[in-house]
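An overview of the molecular structure
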Amino acid sequence: MLNKQWKLNDYITYILLTLVLLSAWTDINGIFTELPQIILTQPEGWRLGSHLGFVASMSNIAPLALVFCKCAYRNRPLNVVPINYFVISIGMISCFLLVFFWSNTSWIFNEKRSLALLILTFFLALLDCTSMVSFSHYITRFRTEFTSALFLGESLTMIIPSLLAIAQGNGRLTCVFSSNNSTTSNISITPIYETARFSVSIYFLCIFFLLVLSFVAFVLLQWTDIAKNNNQDATKEPMIDSATTNQPHRLTPLFYLLLLFGALYTSSVVYGMVFSISAYVLMPYGHQIFYLGTILSPWMFTLVWLFGTIKPFLAKRYLLLMILLGSITFSFDLMIAFRSPCVPLINTIQGNILVLVIWLSTFLLLGYPRLIIANYVRAHSPNGMFWFGANVQLGALIGSVISYLLVQTFSLFKERLPCQQIQCL
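Predicted, not measured: the structure shown is a model, and the values here were computed from it.

What counts, and where the lines are drawn
- All chains use their own residue numbering, which begins from 1 and follows the written sequence.
- It should be noted that, the model being predicted, local features are given only for residues of pLDDT at least 70 and side-chain atom pairs only at 80 or more, the latter also being counted only at that level, while totals for whole chains, interfaces and linings use all residues.
- Computation of side-chain values covers all heavy atoms of the structure but excludes hydrogens and water.
- Runs of H or I in DSSP of at least four residues are treated as helices and runs of E of at least two as strands, each being numbered from the N terminus.
- Between the two quantities, the radius of gyration covers C-alpha atoms and the globule rule is 2.2 Å times the number of residues to the power 0.38.
- Partly exposed describes any residue whose relative accessible area lies between the buried limit of under 20% and the exposed limit of over 50%, with all areas from a 1.4 Å probe on protein chains only and scaled to the type maximum.
- In what follows, residue pairs with any heavy atoms lying within 4.5 Å of each other are defined as contacts.
- The definitions used throughout rest on a 1 Å grid laid over the protein atoms alone, on which a cavity is an enclosed set of points accommodating a 1.4 Å probe that cannot get out and a pocket is an open set flanked by protein within 12 Å on both sides along at least five of seven lines; lining residues are those having an atom within 4 Å of a point.
- Grid points are joined across faces, edges and corners, and a volume is the space filled by probe spheres set on the points.
- Amino acids outside the nonpolar list (Ala, Val, Leu, Ile, Met, Phe, Trp, Tyr, Cys, Pro) and the charged list (Asp, Glu, Lys, Arg) are all regarded as polar, and Gly is one of them.
- By this rule, a helix spans an expected 1.5 Å times one less than how many residues it contains.
- Two aromatic rings from Phe, Tyr or Trp, using only the six-membered ring of Trp, form a pair when their centres are within 6.5 Å; if the ring planes differ by under 30 degrees the pair is stacked, by over 60 it is edge-to-face, and anything between is tilted.
- Think of it as a cone above the ring: NZ of Lys or CZ of Arg counts as a charge over the ring if it is within 6 Å of the ring centre and within 35 degrees of the ring normal.
- Salt bridge, as used here, is a side-chain nitrogen of Lys or Arg placed within 4 Å of a carboxyl oxygen of Asp or Glu.
- Pairing of N or O atoms within 3.5 Å defines a polar contact, subject to two protein rules: one partner must be a possible hydrogen donor and the other a possible acceptor, and residues neighboring in sequence count only if both atoms are side-chain atoms.
- pLDDT measures how confident the predictor is about each residue, on a scale from 0 to 100.

1. Regarding the overall build of the protein
Along the backbone of the protein there are 15 helices and four strands. For 425 residues, the compact-globule formula gives about 22 Å, and the C-alpha radius of gyration of the protein, at 22 Å, lands near that figure. If you line up the protein on its principal axes, its C-alpha atoms span 80 × 45 × 40 Å. A burial count over the protein gives 51% of its 425 residues as buried. Within the protein, counting contacts between residues at least 6 apart in sequence, those at least 24 apart form 83% of the total.

See the structure below:
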(Lines give C-alpha, C1' and ligand atoms only; values in the text may rest on other atoms or scores of the structure.)
Protein backbone atom coordinates (compact mmCIF):
# COMPACT_ATOMS: atom_id res chain seq x y z
CA MET A 1 0.00 0.00 0.00
CA LEU A 2 2.92 2.37 0.71
CA ASN A 3 3.91 3.51 -2.79
CA LYS A 4 5.79 6.74 -3.46
CA GLN A 5 4.24 6.98 -6.92
CA TRP A 6 0.69 6.86 -5.63
CA LYS A 7 -1.47 9.98 -5.53
CA LEU A 8 -4.09 10.84 -2.93
CA ASN A 9 -6.87 9.26 -5.01
CA ASP A 10 -4.92 6.01 -5.14
CA TYR A 11 -4.79 5.81 -1.34
CA ILE A 12 -8.47 6.73 -1.07
CA THR A 13 -9.33 4.03 -3.61
CA TYR A 14 -7.35 1.45 -1.64
CA ILE A 15 -9.11 2.42 1.60
CA LEU A 16 -12.54 2.31 -0.06
CA LEU A 17 -11.81 -1.12 -1.52
CA THR A 18 -10.79 -2.34 1.94
CA LEU A 19 -14.04 -0.97 3.40
CA VAL A 20 -16.06 -2.69 0.66
CA LEU A 21 -14.41 -5.99 1.52
CA LEU A 22 -15.43 -5.53 5.17
CA SER A 23 -18.90 -6.75 4.21
CA ALA A 24 -17.45 -10.19 3.45
CA TRP A 25 -17.55 -12.35 6.59
CA THR A 26 -17.69 -9.52 9.17
CA ASP A 27 -21.25 -10.49 10.10
CA ILE A 28 -20.74 -14.26 10.30
CA ASN A 29 -17.43 -13.82 12.14
CA GLY A 30 -19.28 -11.44 14.44
CA ILE A 31 -21.94 -14.04 15.22
CA PHE A 32 -19.37 -16.71 16.12
CA THR A 33 -17.32 -14.20 18.15
CA GLU A 34 -20.46 -13.25 20.07
CA LEU A 35 -21.44 -16.89 20.63
CA PRO A 36 -20.34 -16.97 24.33
CA GLN A 37 -22.93 -14.27 25.02
CA ILE A 38 -25.62 -15.66 22.73
CA ILE A 39 -25.62 -19.17 24.22
CA LEU A 40 -26.37 -17.78 27.70
CA THR A 41 -29.98 -17.16 26.65
CA GLN A 42 -30.57 -19.60 23.78
CA PRO A 43 -31.98 -23.12 24.37
CA GLU A 44 -29.36 -24.99 22.29
CA GLY A 45 -26.41 -23.92 24.46
CA TRP A 46 -23.00 -24.63 22.92
CA ARG A 47 -24.64 -26.92 20.34
CA LEU A 48 -25.81 -23.72 18.64
CA GLY A 49 -22.32 -23.22 17.18
CA SER A 50 -22.45 -26.41 15.11
CA HIS A 51 -26.00 -25.63 13.98
CA LEU A 52 -24.93 -22.17 12.82
CA GLY A 53 -21.93 -23.65 11.01
CA PHE A 54 -24.14 -26.16 9.21
CA VAL A 55 -26.60 -23.45 8.15
CA ALA A 56 -23.74 -21.27 6.90
CA SER A 57 -22.40 -24.18 4.83
CA MET A 58 -25.78 -24.54 3.11
CA SER A 59 -25.38 -20.99 1.78
CA ASN A 60 -22.70 -22.19 -0.63
CA ILE A 61 -25.51 -22.74 -3.12
CA ALA A 62 -25.11 -19.06 -4.10
CA PRO A 63 -21.44 -19.17 -5.22
CA LEU A 64 -22.18 -22.49 -6.95
CA ALA A 65 -24.83 -20.65 -8.96
CA LEU A 66 -22.24 -18.01 -9.88
CA VAL A 67 -19.82 -20.68 -11.06
CA PHE A 68 -22.59 -22.27 -13.15
CA CYS A 69 -23.38 -18.91 -14.79
CA LYS A 70 -19.69 -18.32 -15.46
CA CYS A 71 -19.39 -21.71 -17.18
CA ALA A 72 -22.69 -21.44 -19.05
CA TYR A 73 -21.91 -17.96 -20.42
CA ARG A 74 -18.16 -18.26 -20.74
CA ASN A 75 -18.09 -16.04 -23.83
CA ARG A 76 -19.62 -13.13 -21.94
CA PRO A 77 -17.79 -11.12 -19.25
CA LEU A 78 -19.36 -11.45 -15.81
CA ASN A 79 -20.52 -8.11 -14.41
CA VAL A 80 -20.38 -8.55 -10.62
CA VAL A 81 -21.39 -4.96 -9.77
CA PRO A 82 -25.16 -5.66 -9.49
CA ILE A 83 -24.35 -8.90 -7.66
CA ASN A 84 -22.33 -6.92 -5.10
CA TYR A 85 -25.14 -4.41 -4.64
CA PHE A 86 -27.58 -7.25 -4.04
CA VAL A 87 -25.50 -9.28 -1.60
CA ILE A 88 -24.43 -6.27 0.49
CA SER A 89 -28.07 -5.10 0.69
CA ILE A 90 -29.22 -8.56 1.80
CA GLY A 91 -26.48 -8.55 4.44
CA MET A 92 -27.48 -5.13 5.78
CA ILE A 93 -31.16 -6.06 6.03
CA SER A 94 -30.40 -9.40 7.73
CA CYS A 95 -27.98 -7.84 10.21
CA PHE A 96 -30.48 -5.09 11.05
CA LEU A 97 -33.15 -7.70 11.75
CA LEU A 98 -30.71 -9.55 14.02
CA VAL A 99 -30.66 -6.52 16.32
CA PHE A 100 -34.33 -7.15 17.19
CA PHE A 101 -34.90 -10.88 16.62
CA TRP A 102 -31.64 -12.70 17.48
CA SER A 103 -33.07 -14.06 20.75
CA ASN A 104 -36.49 -15.14 19.40
CA THR A 105 -37.22 -18.86 19.69
CA SER A 106 -39.82 -21.16 18.15
CA TRP A 107 -41.10 -24.64 18.99
CA ILE A 108 -39.97 -27.20 16.40
CA PHE A 109 -40.50 -30.93 16.96
CA ASN A 110 -41.34 -30.29 20.61
CA GLU A 111 -38.08 -28.43 21.19
CA LYS A 112 -37.27 -24.76 21.42
CA ARG A 113 -35.05 -23.58 18.57
CA SER A 114 -33.37 -20.28 17.73
CA LEU A 115 -35.19 -20.22 14.40
CA ALA A 116 -34.87 -16.48 13.72
CA LEU A 117 -31.14 -16.53 14.39
CA LEU A 118 -30.64 -19.57 12.13
CA ILE A 119 -32.67 -18.09 9.24
CA LEU A 120 -30.90 -14.72 9.41
CA THR A 121 -27.53 -16.47 9.66
CA PHE A 122 -28.37 -18.30 6.43
CA PHE A 123 -28.99 -15.02 4.58
CA LEU A 124 -25.86 -13.44 6.06
CA ALA A 125 -23.87 -16.47 4.93
CA LEU A 126 -25.37 -16.05 1.44
CA LEU A 127 -23.73 -12.61 1.41
CA ASP A 128 -20.40 -13.89 2.66
CA CYS A 129 -20.15 -17.00 0.48
CA THR A 130 -21.11 -15.07 -2.65
CA SER A 131 -18.95 -12.04 -1.87
CA MET A 132 -15.81 -14.18 -1.61
CA VAL A 133 -16.24 -15.01 -5.32
CA SER A 134 -17.73 -11.73 -6.56
CA PHE A 135 -15.30 -9.47 -4.67
CA SER A 136 -12.32 -11.53 -5.85
CA HIS A 137 -13.52 -10.96 -9.42
CA TYR A 138 -14.34 -7.29 -8.76
CA ILE A 139 -10.82 -6.54 -7.48
CA THR A 140 -9.42 -7.33 -10.94
CA ARG A 141 -11.04 -4.14 -12.25
CA PHE A 142 -8.26 -2.30 -10.46
CA ARG A 143 -4.51 -2.26 -10.86
CA THR A 144 -2.55 -5.22 -9.54
CA GLU A 145 -1.20 -3.41 -6.47
CA PHE A 146 -4.79 -3.08 -5.23
CA THR A 147 -5.16 -6.88 -4.97
CA SER A 148 -3.73 -6.86 -1.44
CA ALA A 149 -6.76 -4.82 -0.32
CA LEU A 150 -8.71 -8.08 -0.58
CA PHE A 151 -6.54 -9.60 2.15
CA LEU A 152 -6.47 -6.48 4.34
CA GLY A 153 -10.27 -6.41 4.27
CA GLU A 154 -10.30 -10.13 4.97
CA SER A 155 -8.17 -9.66 8.10
CA LEU A 156 -10.33 -6.78 9.34
CA THR A 157 -13.46 -8.94 9.08
CA MET A 158 -11.98 -10.97 11.95
CA ILE A 159 -10.17 -8.25 13.87
CA ILE A 160 -13.06 -5.78 14.19
CA PRO A 161 -15.58 -8.29 15.65
CA SER A 162 -12.94 -9.50 18.11
CA LEU A 163 -12.16 -5.92 19.18
CA LEU A 164 -15.88 -5.29 19.66
CA ALA A 165 -16.07 -8.45 21.77
CA ILE A 166 -13.13 -7.27 23.90
CA ALA A 167 -14.79 -3.88 24.40
CA GLN A 168 -18.01 -5.69 25.35
CA GLY A 169 -16.21 -7.91 27.84
CA ASN A 170 -17.28 -11.04 25.99
CA GLY A 171 -15.96 -14.30 27.42
CA ARG A 172 -14.83 -12.95 30.81
CA LEU A 173 -15.43 -15.51 33.49
CA THR A 174 -14.55 -16.29 37.09
CA CYS A 175 -14.04 -19.77 38.51
CA VAL A 176 -16.13 -20.05 41.69
CA PHE A 177 -15.52 -22.83 44.23
CA SER A 178 -18.70 -24.34 45.68
CA SER A 179 -19.50 -27.22 48.03
CA ASN A 180 -22.65 -29.27 48.45
CA ASN A 181 -22.07 -29.84 52.16
CA SER A 182 -20.05 -28.62 55.10
CA THR A 183 -17.07 -30.82 54.25
CA THR A 184 -14.37 -29.99 51.74
CA SER A 185 -14.35 -33.41 50.13
CA ASN A 186 -17.05 -32.55 47.58
CA ILE A 187 -15.92 -29.22 46.14
CA SER A 188 -16.84 -28.26 42.58
CA ILE A 189 -15.66 -25.35 40.43
CA THR A 190 -18.27 -23.46 38.43
CA PRO A 191 -17.51 -20.89 35.69
CA ILE A 192 -19.46 -17.67 36.19
CA TYR A 193 -19.56 -15.40 33.13
CA GLU A 194 -19.31 -11.71 33.96
CA THR A 195 -21.96 -9.26 32.79
CA ALA A 196 -21.18 -7.70 29.42
CA ARG A 197 -20.68 -3.94 29.12
CA PHE A 198 -23.32 -3.73 26.37
CA SER A 199 -25.95 -6.10 25.01
CA VAL A 200 -25.89 -8.52 22.10
CA SER A 201 -28.32 -6.23 20.23
CA ILE A 202 -25.90 -3.29 20.50
CA TYR A 203 -23.12 -5.58 19.25
CA PHE A 204 -25.12 -6.53 16.15
CA LEU A 205 -26.04 -2.88 15.63
CA CYS A 206 -22.31 -2.06 15.43
CA ILE A 207 -21.86 -4.84 12.84
CA PHE A 208 -24.80 -3.38 10.89
CA PHE A 209 -23.12 0.05 10.77
CA LEU A 210 -19.97 -1.60 9.40
CA LEU A 211 -22.02 -3.11 6.55
CA VAL A 212 -23.59 0.30 5.88
CA LEU A 213 -20.09 1.79 5.72
CA SER A 214 -19.10 -0.95 3.27
CA PHE A 215 -22.14 -0.20 1.08
CA VAL A 216 -21.35 3.53 1.05
CA ALA A 217 -17.73 2.78 0.06
CA PHE A 218 -18.95 0.62 -2.84
CA VAL A 219 -21.30 3.39 -4.03
CA LEU A 220 -18.43 5.91 -3.92
CA LEU A 221 -16.23 3.63 -5.99
CA GLN A 222 -18.95 3.16 -8.59
CA TRP A 223 -20.47 6.64 -8.83
CA THR A 224 -17.63 9.08 -8.17
CA ASP A 225 -14.40 9.93 -9.97
CA ILE A 226 -12.21 8.81 -7.07
CA ALA A 227 -11.15 5.58 -8.74
CA LYS A 228 -11.46 6.69 -12.40
CA ASN A 229 -7.73 6.25 -13.03
CA ASN A 230 -7.62 2.82 -11.38
CA ASN A 231 -10.52 0.91 -12.90
CA GLN A 232 -12.22 0.25 -16.23
CA ASP A 233 -15.69 -0.09 -17.68
CA ALA A 234 -17.82 -2.82 -16.09
CA THR A 235 -18.62 -4.43 -19.46
CA LYS A 236 -14.97 -5.17 -20.22
CA GLU A 237 -12.78 -8.03 -19.15
CA PRO A 238 -10.80 -7.63 -15.91
CA MET A 239 -7.45 -5.92 -16.08
CA ILE A 240 -4.07 -7.61 -16.21
CA ASP A 241 -1.13 -5.31 -15.74
CA SER A 242 1.84 -5.69 -18.02
CA ALA A 243 4.07 -5.43 -14.95
CA THR A 244 2.80 -8.78 -13.73
CA THR A 245 2.89 -10.63 -17.02
CA ASN A 246 6.67 -10.87 -17.30
CA GLN A 247 8.29 -14.24 -17.74
CA PRO A 248 9.09 -15.09 -14.05
CA HIS A 249 5.37 -14.90 -13.20
CA ARG A 250 4.03 -16.79 -16.23
CA LEU A 251 2.45 -20.15 -15.46
CA THR A 252 1.96 -23.36 -17.36
CA PRO A 253 -1.67 -24.57 -17.48
CA LEU A 254 -0.77 -27.43 -15.14
CA PHE A 255 0.87 -25.19 -12.54
CA TYR A 256 -2.06 -22.77 -12.78
CA LEU A 257 -4.41 -25.63 -11.82
CA LEU A 258 -2.04 -26.69 -9.03
CA LEU A 259 -2.10 -23.16 -7.62
CA LEU A 260 -5.90 -23.14 -7.64
CA PHE A 261 -5.80 -26.47 -5.81
CA GLY A 262 -3.37 -24.84 -3.35
CA ALA A 263 -5.94 -22.08 -2.75
CA LEU A 264 -8.57 -24.76 -2.13
CA TYR A 265 -6.34 -26.71 0.27
CA THR A 266 -5.08 -23.75 2.31
CA SER A 267 -8.62 -22.36 2.61
CA SER A 268 -10.01 -25.72 3.71
CA VAL A 269 -7.51 -25.71 6.58
CA VAL A 270 -7.54 -22.04 7.55
CA TYR A 271 -11.27 -21.33 7.14
CA GLY A 272 -12.83 -24.76 7.36
CA MET A 273 -10.93 -26.70 10.01
CA VAL A 274 -8.60 -24.67 12.24
CA PHE A 275 -11.26 -22.45 13.78
CA SER A 276 -13.58 -25.45 14.22
CA ILE A 277 -11.07 -27.30 16.41
CA SER A 278 -9.80 -24.25 18.33
CA ALA A 279 -11.54 -25.27 21.57
CA TYR A 280 -9.90 -28.72 21.45
CA VAL A 281 -6.43 -27.32 20.70
CA LEU A 282 -6.30 -24.31 23.03
CA MET A 283 -8.79 -24.89 25.86
CA PRO A 284 -6.87 -27.84 27.41
CA TYR A 285 -4.08 -25.37 28.21
CA GLY A 286 -6.51 -23.12 30.06
CA HIS A 287 -9.11 -20.46 29.36
CA GLN A 288 -6.46 -17.71 29.21
CA ILE A 289 -4.55 -19.51 26.43
CA PHE A 290 -7.83 -20.10 24.59
CA TYR A 291 -8.65 -16.40 24.91
CA LEU A 292 -5.18 -15.32 23.71
CA GLY A 293 -5.22 -17.75 20.79
CA THR A 294 -8.63 -16.67 19.52
CA ILE A 295 -7.81 -12.96 19.92
CA LEU A 296 -4.34 -13.11 18.34
CA SER A 297 -5.15 -15.41 15.39
CA PRO A 298 -7.05 -12.73 13.37
CA TRP A 299 -4.00 -10.47 13.61
CA MET A 300 -2.01 -13.10 11.72
CA PHE A 301 -4.03 -12.22 8.63
CA THR A 302 -2.91 -8.62 9.01
CA LEU A 303 0.69 -9.85 9.06
CA VAL A 304 -0.09 -11.84 5.91
CA TRP A 305 -1.32 -8.64 4.25
CA LEU A 306 1.81 -6.79 5.40
CA PHE A 307 4.09 -9.50 4.01
CA GLY A 308 2.11 -9.40 0.77
CA THR A 309 2.62 -5.67 0.31
CA ILE A 310 6.36 -6.05 0.90
CA LYS A 311 6.83 -9.26 -1.13
CA PRO A 312 3.83 -9.94 -3.41
CA PHE A 313 5.56 -12.82 -5.23
CA LEU A 314 7.74 -15.68 -4.04
CA ALA A 315 9.67 -18.31 -5.96
CA LYS A 316 7.50 -21.36 -6.52
CA ARG A 317 9.78 -23.62 -4.44
CA TYR A 318 9.44 -21.31 -1.41
CA LEU A 319 5.68 -21.24 -1.91
CA LEU A 320 5.58 -25.02 -1.77
CA LEU A 321 7.90 -25.05 1.26
CA MET A 322 5.60 -22.71 3.22
CA ILE A 323 2.55 -24.84 2.45
CA LEU A 324 4.44 -27.94 3.62
CA LEU A 325 5.52 -26.23 6.85
CA GLY A 326 1.97 -24.99 7.41
CA SER A 327 0.68 -28.53 6.89
CA ILE A 328 3.13 -29.77 9.55
CA THR A 329 1.99 -27.18 12.11
CA PHE A 330 -1.64 -28.02 11.29
CA SER A 331 -0.82 -31.71 11.85
CA PHE A 332 0.40 -30.78 15.34
CA ASP A 333 -2.87 -28.89 15.91
CA LEU A 334 -4.82 -31.98 14.89
CA MET A 335 -2.70 -34.23 17.10
CA ILE A 336 -3.35 -31.98 20.10
CA ALA A 337 -7.09 -31.92 19.31
CA PHE A 338 -7.26 -35.74 19.14
CA ARG A 339 -5.47 -36.01 22.50
CA SER A 340 -7.64 -33.37 24.18
CA PRO A 341 -8.12 -32.84 27.08
CA CYS A 342 -4.94 -34.73 28.11
CA VAL A 343 -2.56 -32.89 25.81
CA PRO A 344 1.27 -32.85 25.86
CA LEU A 345 2.93 -30.46 28.35
CA ILE A 346 -0.37 -29.65 30.00
CA ASN A 347 -0.24 -27.16 32.92
CA THR A 348 3.29 -26.01 31.98
CA ILE A 349 4.59 -22.66 30.71
CA GLN A 350 6.49 -24.46 27.94
CA GLY A 351 3.29 -26.12 26.75
CA ASN A 352 1.36 -22.84 26.79
CA ILE A 353 4.01 -21.03 24.74
CA LEU A 354 4.51 -23.93 22.33
CA VAL A 355 0.82 -24.38 21.53
CA LEU A 356 0.40 -20.64 20.87
CA VAL A 357 3.43 -20.59 18.55
CA ILE A 358 2.19 -23.64 16.62
CA TRP A 359 -1.37 -22.32 16.50
CA LEU A 360 -0.42 -18.87 15.19
CA SER A 361 2.21 -20.23 12.79
CA THR A 362 -0.45 -22.25 10.97
CA PHE A 363 -2.27 -19.04 9.98
CA LEU A 364 0.93 -17.38 8.75
CA LEU A 365 2.38 -20.36 6.89
CA LEU A 366 -0.88 -21.14 5.06
CA GLY A 367 -2.28 -17.60 4.84
CA TYR A 368 0.70 -16.00 3.09
CA PRO A 369 0.80 -18.62 0.28
CA ARG A 370 -2.89 -17.85 -0.42
CA LEU A 371 -1.98 -14.23 -1.10
CA ILE A 372 0.94 -15.25 -3.31
CA ILE A 373 -1.34 -17.64 -5.22
CA ALA A 374 -3.85 -14.81 -5.79
CA ASN A 375 -1.12 -12.64 -7.34
CA TYR A 376 0.08 -15.48 -9.56
CA VAL A 377 -3.35 -16.47 -10.89
CA ARG A 378 -4.31 -12.85 -11.51
CA ALA A 379 -1.14 -12.36 -13.57
CA HIS A 380 -1.89 -15.54 -15.51
CA SER A 381 -5.53 -15.14 -16.48
CA PRO A 382 -8.22 -12.41 -16.61
CA ASN A 383 -10.57 -14.88 -14.88
CA GLY A 384 -7.93 -16.09 -12.42
CA MET A 385 -9.34 -14.19 -9.44
CA PHE A 386 -12.86 -15.48 -10.08
CA TRP A 387 -11.63 -19.07 -9.93
CA PHE A 388 -9.40 -18.19 -6.99
CA GLY A 389 -12.45 -16.98 -5.03
CA ALA A 390 -14.48 -20.02 -6.10
CA ASN A 391 -11.75 -22.40 -4.90
CA VAL A 392 -11.33 -20.52 -1.63
CA GLN A 393 -15.05 -20.88 -0.96
CA LEU A 394 -15.10 -24.53 -2.03
CA GLY A 395 -12.15 -25.24 0.26
CA ALA A 396 -13.89 -23.56 3.18
CA LEU A 397 -16.96 -25.70 2.52
CA ILE A 398 -14.95 -28.96 2.36
CA GLY A 399 -13.07 -28.11 5.55
CA SER A 400 -16.31 -27.25 7.35
CA VAL A 401 -17.93 -30.54 6.34
CA ILE A 402 -14.87 -32.53 7.47
CA SER A 403 -14.81 -30.67 10.79
CA TYR A 404 -18.53 -31.22 11.32
CA LEU A 405 -18.11 -34.95 10.74
CA LEU A 406 -15.13 -35.18 13.10
CA VAL A 407 -16.69 -33.06 15.87
CA GLN A 408 -20.42 -33.76 15.68
CA THR A 409 -20.99 -37.02 13.80
CA PHE A 410 -18.09 -39.15 15.03
CA SER A 411 -17.36 -37.21 18.26
CA LEU A 412 -13.62 -37.83 17.94
CA PHE A 413 -12.64 -34.83 20.08
CA LYS A 414 -13.26 -34.25 23.76
CA GLU A 415 -13.17 -30.69 25.02
CA ARG A 416 -12.09 -29.29 28.35
CA LEU A 417 -14.78 -27.06 29.79
CA PRO A 418 -13.88 -23.74 31.44
CA CYS A 419 -12.62 -24.22 35.03
CA GLN A 420 -12.80 -28.01 34.64
CA GLN A 421 -10.14 -29.89 36.58
CA ILE A 422 -8.52 -32.63 34.49
CA GLN A 423 -6.58 -35.57 35.91
CA CYS A 424 -4.20 -36.92 33.26
CA LEU A 425 -1.92 -39.91 33.76
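2. Here we look at empty space enclosed by the protein
Sizing a probe to match a water molecule and rolling it over the atoms shows the empty space that remains. Counted by the stated rule, this structure contains two cavities of 30 Å³ or more. Here the largest cavity is characterised by a volume of approximately 80 Å³. What lines the largest cavity is L21, A24, W25, S131, M132, F135, L150, F151, G153, E154, T157 and R370. Breaking the lining of the largest cavity down by element, the ones donating at least two residues are helix 7 (115-138) and helix 8 (148-168). Element by element, the count of residues in the lining of the largest cavity is highest for helix 8, at five residues. A class-by-class count of the residues in the lining of the largest cavity yields seven nonpolar, three polar and two charged.

3. Quick word on helix 6 (residues 81-101)
Since the α-helix packs 3.6 residues into each turn, any two residues three or four apart lie on the same face. When the terminal C-alpha atoms of helix 6 are compared, their 30 Å separation across 21 residues agrees well with the 30 Å that a helix rising 1.5 Å per residue should span. If you check which residues of helix 6 are buried, you get V81, I83, N84, V87, I88, G91, M92, S94, C95, L98 and V99.

4. What about the packing of aromatic side chains?
This structure, assessed with the given rule, holds 24 aromatic pairs. Residues W6 and F146 carry aromatic rings whose centres are separated by 5.0 Å and whose planes lie at 15° to one another, so their mutual orientation is stacked. Taken together, the residues span a long stretch of sequence, with W6 in the segment before helix 1 (8-21) and F146 in the loop between helix 7 and helix 8 at a distance of 140 residues. Arranged with centres 5.8 Å apart and planes meeting at 75°, the rings of Y203 and F204 form a pair that is edge-to-face. A single burial state applies to Y203 and to F204, both of which are buried. Taking the ring centre of F386 as reference, the NZ or CZ of K70 above it sits at 5.4 Å.

5. Re the pattern of salt bridges
One pass over the full model with this rule turns up four salt bridges. A salt bridge links R143 to D10; its shortest N-O distance comes to 3.8 Å. Taken together, the residues span a long stretch of sequence, with R143 in the loop between helix 7 and helix 8 and D10 in helix 1 at a distance of 133 residues. A single burial state applies to R143 and to D10, both of which are buried. Here E154 makes a salt bridge to R370, at a shortest N to O gap of 3.1 Å. Placement of the pair is E154 in helix 8 and R370 in helix 14 (residues 349-380), with a sequence separation of 216 residues. The exposure class of R370 is buried, given its relative accessible area of 1%.

6. Focus on the side chain of N391
Mapped onto the secondary structure, N391 falls in helix 15 (residues 384-409). Within polar-contact distance, the side chain of N391 engages the backbone oxygen of W387 at 2.7 Å. Discounting chain neighbours no more than four positions away, the residues touching N391 are L260, A263 and L264.

7. Comments concerning the confidence of the model for the protein
Chain-level pLDDT for the protein is 85 on average; 92% of the residues reach the 70-or-more range. Confidence, read as mean pLDDT per element, is least for strand 4 (residues 187-193) in the protein (73) and greatest for helix 13 (residues 316-339) (95). Segment residues 233-246: pLDDT under 50, and 34 contacts once partners within four positions in sequence are set aside and those in other chains are kept.

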